[in-house]
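Structural overview for review
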Amino acid sequence: MLRQMLEECQKGTKGVGFNEVVLMVSNTAGTAEVYMMMDDLRFTEKEDIVTFMDPDGTHLHLNLDLVREVEFIHQMNERDLPSYSVWFKDEERETVFRIYLRKSDDDETNQPRHDLFMHLLEKYGKTVQVNG
């Protein structure tokens, strides 16, 4: 199910997926943010690990076997602009990986990206439990 969800985020509808994103990994000691286009996802043969690839070689891995919950978050930020994110949580419900949609440099894709996010929120609900 996680692969399907991620591929829907990537490919979207009508040719527009999440596109411009910030991927965030954090723990109690630090945070790493990577800005990239979400157009190259690679899954291991067992589909237990996904790699988010960027053409310049930057990449992040997410161990899908450790994800127990996915939360779709749509809210207004401090500047009263819409904010969209997907949080992946472990068995303690601690966030281990986040995908944030950046405002697109191509204004024409912002509405389709909003529509995609709202479609996914409606399809999956705010919180998705993942069996492990």
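In this text the structure is predicted, and so the values were computed from the model without any measurement.

Describing the packing of aromatic side chains
The final tally for this structure, using the stated rule, is six aromatic pairs. Ring plane angle 5° and centroid distance 6.1 Å describe the contact between phenylalanine 72 and tyrosine 124, whose orientation is recorded as stacked. Placement of the pair is phenylalanine 72 in strand β6 (residues 69-76) and tyrosine 124 in helix α2 (residues 110-124), with a sequence separation of 52 residues. On the accessibility criterion, phenylalanine 72 (1% relative accessible area) is buried. A residue is classified by how much of its surface remains accessible, and tyrosine 124, at 14% relative accessible area, is buried. With 5.3 Å between their ring centres and 65° between their planes, tyrosine 84 and phenylalanine 117 make a pair best called edge-to-face. In this pair, tyrosine 84 is assigned in strand β7 (residues 82-89) and phenylalanine 117 in helix α2, connecting sequence segments 33 residues apart. Through successive ring pairs, a cluster of aromatic residues spans Phe18, Phe72, Tyr84, Phe117 and Tyr124.

Comments concerning the pairing of strand β5 (residues 59-63)
Side-chain alternation along β5 places Leu60 and Leu62 on a buried face and His59, His61 and Asn63 on a face that remains uncovered. Taken together, the five bridges between strand β4 (residues 49-53) and β5 define a ladder with antiparallel strand orientation. Looking at the pairing, threonine 51 lines up with histidine 61 of β5.

Details of the sheet that holds β7
Across the sheet, six strands lie side by side as β2-β1-β8-β7-β6-β9; this open sheet has antiparallel pairing. The open sheet has two free edges, formed respectively by β2 (31-37) and β9 (127-129), since each of these has just one partner strand. Strand-to-strand, the axes of this sheet are offset by a mean angle of 15°, without reference to chain direction. Direction of pairing for β6 relative to β9: antiparallel, over a ladder of three bridges. Counterpart to glutamate 71 in the pairing with β9 is threonine 127. Against the sheet, helix α1 (residues 2-11) touches β6, β7, β8 (95-101) and β9, its axis set at about 30° to β6. Each of β1 (20-26), β6, β7, β8 and β9 touches α2; the most contacted strand, β6, lies at about 130° to it.

Reading guide: rules and limits
- Residues numbered from 1 in each chain as written.
- Predicted model: local features only at pLDDT ≥ 70, side-chain atom pairs only at ≥ 80, totals over all residues.
- Heavy atoms only, no water.
- Phe/Tyr/Trp six-rings, centres within 6.5 Å; stacked < 30°, edge-to-face > 60°.
- Helix = DSSP H or I, 4+ residues; strand = E, 2+ residues; numbered from the N terminus.
- Buried < 20%, exposed > 50% of the residue type's maximum accessible area, 1.4 Å probe, protein only.
- Pairing = 2+ DSSP bridges.
- Axes fitted to C-alpha atoms, helices over the stretch in contact; angles between N-to-C directions.
- Contact = heavy atoms within 4.5 Å.

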